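Read off the chains here:
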Amino acid sequence: MTEPEEDAHVIRLVAERLTKAHPRLDAELVWGSVQTAYDELRYARVRTYLPVLMERRAKDLLSSDEYRKRDV
């Protein structure tokens, strides 16, 4: 897999995991938070922990007031 394919795969896995963990949230909202997390972390030198860091950041975004307002 090339790097863009790997990144797309990681984004998909993280988004699916969060969607399953938070079924009450809009799937597009979850995908958007994961994409934002990826955008913030995409240039990380060490990519080993990218999925874990993306998931944590996406959860932070989902719990922020900005994302809660969109969910209502």
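Remember, predicted model here, so these are calculated numbers, not experimental data.

### Quick word on the overall build of the protein chain
Across its full length, the protein chain carries four helices and zero strands. Counted from the first residue to the last, the protein chain has its helices and strands arranged as α-α-α-α. Each of the 72 residues in the protein chain was classed as buried or not, and the buried ones make up 26%. In the protein chain, the proportion of contacts linking residues at least 24 apart, taken out of those at least 6 apart, comes to 58%. Counting every atom, the protein chain has about 5,300 Å² of accessible surface; 52% of that belongs to carbon and sulfur.

### Remarks on the pattern of salt bridges
For the structure on display, the rule yields five salt bridges. Notably, a salt bridge pairs Glu 40 with Arg 57, separated by 2.6 Å at the nearest N-O pair. Of this pair, Glu 40 sits in helix H2 (residues 27-41) while Arg 57 sits in helix H3 (residues 50-63), and the two are 17 residues apart along the sequence. A relative accessible area of 44% places Glu 40 in the partly exposed class. The residue Glu 55 makes a salt bridge to Lys 59 at a minimum N-O spacing of 3.8 Å.

### With respect to the nonpolar core
Of all hydrophobic cores here, the largest spans 14 residues; its most connected members are Val 14, Leu 18, Val 34 and Met 54. For this core, the elements supplying multiple residues, two or more each, are helix H1 (3-21), H2 and H3. Among residues more than four places away in sequence, those in contact with Leu 18 are Val 30, Val 34, Glu 55, Ala 58 and Lys 59.

### Topic: H3
Taking 1.5 Å per residue as the helical rise, H3 with its 14 residues ought to reach 20 Å, and the 20 Å between its terminal C-alpha atoms agrees with that figure. Looking only at H3, the buried set comprises Leu 50, Met 54, Glu 55, Ala 58, Leu 61 and Leu 62. Projected down its long axis, H3 shows its buried positions confined to an angular sector of 130°, all on one face.

### Looking at H2
For H2, built from 15 residues, the straight-helix expectation of 21 Å at 1.5 Å per residue is met to within 8% by its first-to-last C-alpha distance of 21 Å. Along H2, the positions that sit buried rather than exposed are Leu 29, Val 30, Ser 33, Val 34, Ala 37 and Tyr 38.

### Some points on the environment of Leu 29
Of note, Leu 29 is situated in helix H2. Judged by its relative accessible area of 8%, Leu 29 falls in the buried class. With 10 residues separating them along the chain, Leu 29 and Thr 19 place their C-alpha atoms 9.4 Å apart.

What counts and what doesn't
Residues numbered from 1 in each chain as written. Predicted model: local features only at pLDDT ≥ 70, side-chain atom pairs only at ≥ 80, totals over all residues. Heavy atoms only, no water. Helix = DSSP H or I, 4+ residues; strand = E, 2+ residues; numbered from the N terminus. Buried < 20%, exposed > 50% of the residue type's maximum accessible area, 1.4 Å probe, protein only. Contact = heavy atoms within 4.5 Å. Areas by Shrake-Rupley, 256 points an atom, 1.4 Å probe, with all protein chains shown as cover. Salt bridge = Lys/Arg side-chain N within 4 Å of Asp/Glu carboxyl O. Core = buried A, V, L, I, M, F, W, Y, C linked by side-chain atoms within 4.5 Å. Expected span 1.5 Å × (residues − 1). Arc of directions from axis to C-beta.

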